[in-house]
Amino acid sequence: MQSTTDPALSGTGLYSEIQQFYAHQMQLLDSGETDAWADTFTEDGVFAANAHPDAKGRETIREAAGKAAAQRIGAGLQVRHWLGMLEVAAQEDGSARVRSYALVLNTPAGGAPAVHASTTCDDLLVRGEDGAWLVAHRYISRDDLR
Amino acid sequence: MQSTTDPALSGTGLYSEIQQFYAHQMQLLDSGETDAWADTFTEDGVFAANAHPDAKGRETIREAAGKAAAQRIGAGLQVRHWLGMLEVAAQEDGSARVRSYALVLNTPAGGAPAVHASTTCDDLLVRGEDGAWLVAHRYISRDDLR
Amino acid sequence: MQSTTDPALSGTGLYSEIQQFYAHQMQLLDSGETDAWADTFTEDGVFAANAHPDAKGRETIREAAGKAAAQRIGAGLQVRHWLGMLEVAAQEDGSARVRSYALVLNTPAGGAPAVHASTTCDDLLVRGEDGAWLVAHRYISRDDLR
């Protein structure tokens, strides 16, 4: 498996498709649809980070997401995950490596929005049986943790 | 009229085109060109929100935008509307439904930028006679108002 | 040389390609790879701004970027440049004019992210010998400086 950062090989159709995938995925998370969100990971998907231990496997990821969403609701926060500045590298096996930036914004009821975290996001995306993208591996690095 | 969230049907060309439409539209608003901004709505367009009564019709929208721009100038604020995380669903009749996130950032002269509002934006876009996109219906939901 | 803002002429492939260019360029800057970042300017490129004197020529830009990066590291800040809301206008000579918004976010170790600056970015992009985009002229206007 070789990788490329050649824009021509990455494909511009691919770029928009992956932007739409992330928009869909983050909207699921922020609206509390954590079951549907977890289904955007492969069955053996890994959610790694510098802020917490790795979550390995879709069911572990699902459980962790459900708990985190319940905490946010309990705290009265509407969270928005913004993911942008995507650098997409198509792989020869049809997968895609994507390095992006993500911001987490929290808005309390009746209060002002605050930028809660600035992170990088390193994903390995693969296509599921229906052709839709799935996260096989994600690594989130929070900028404040050094 | 049926809708689809199938990325293939949504079309990747469409996705970039709509990103460019929003960039153009928001730059008009933030530079105070509220007349040109209002012209990006259909004649019977609706601007609805959870923060204020509906503005119905392009001329009503134009008037409200002009007043809001005058207030911002009076307050010495440079406003920037960032719209992102677009989920585009092409409709069979050629229109497009777009759900996105938007941030409003205010910068006073000589001061630091502040995130003023975090919102969702639900748009129905249609093509005008010249093929350019127009907003037929917009609904802005501020995250702090619950 | 004539310009166009016609989305059909701007090309949607072009739009994604330029988004990827900016993601790559800003990731280089924020990871401290200021040499590689400076190489994304033409040899006679200009970095102009309302916050500092013009930097003229790639080597001048390289030197200024290196000093700024050293300052940020000395201050213990992880900086993230978000560039978005791109309005791309393809030029008949193959170059592209791009007006966008940019945010600078600073995160101290162990601290909360802060929006340091909100700016507009006006670029003239040209293709280098290998077809990759290069910045021939950039003008950054900070929203707080008026």
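Refer to the structure above for everything that follows.
This write-up is about the structure you can find in this document. Computed from a predicted structure; not experimentally measured.

With that settled, the discussion passes to the interface of chain A and chain C. Taken together, the contact between chain A and chain C spans 27 residues of the former and 26 residues of the latter. Between chain A and chain C, the buried area comes to about 2100 Å², and carbon and sulfur atoms account for 56% of it. Inspection of the chain A/chain C interface yields one salt bridge. Ionic pairing is found between Asp143(A) and Arg80(C), a salt bridge with its closest N-O pair at 2.8 Å. Remark: the boundary between chain A and chain C carries eleven residue pairs in polar contact (both at pLDDT 80 or more). Looking at the side of chain A that touches chain C element by element, the count peaks at seven residues for strand 3 (residues 77-90) of chain A.

Let us look at the relation of the copies chain A and chain C. If you rotate chain A by 120 degrees and push it 0.0 Å along the axis, it lands on chain C with an RMSD of 0.0 Å. Expressed as an axis order, the relation between the two copies is that of a three-fold axis. Mapped onto chain C, only 19% of the interface residues of chain A again fall at the interface, so the copies present different surfaces.

Turning to the interface of chain C and chain B, a few remarks are in order. With 27 residues of chain C in contact, the opposing surface of chain B contributes 26 residues. Between chain C and chain B, a total of about 2100 Å² is buried, with carbon and sulfur atoms accounting for 56% of that surface. The largest per-residue losses of area from chain C upon contact with chain B belong to Met85(C), Tyr101(C) and Arg146(C), which jointly make up 33% of the total buried on that side. The interface formed by chain C and chain B holds one salt bridge in total.

Rules behind the numbers
Residues numbered from 1 in each chain as written. Chains lettered and ligands numbered in written order. Predicted model: local features only at pLDDT ≥ 70, side-chain atom pairs only at ≥ 80, totals over all residues. Heavy atoms only, no water. Contact = heavy atoms within 4.5 Å. Buried area = accessible area lost by both parts, 1.4 Å probe. Salt bridge = Lys/Arg side-chain N within 4 Å of Asp/Glu carboxyl O. Polar contact = N/O pair within 3.5 Å; in protein donor to acceptor, adjacent residues only side chain to side chain. Helix = DSSP H or I, 4+ residues; strand = E, 2+ residues; numbered from the N terminus. Least-squares fit on C-alpha atoms with pLDDT ≥ 70 in both.

That's the geometry; what it means functionally is another story.
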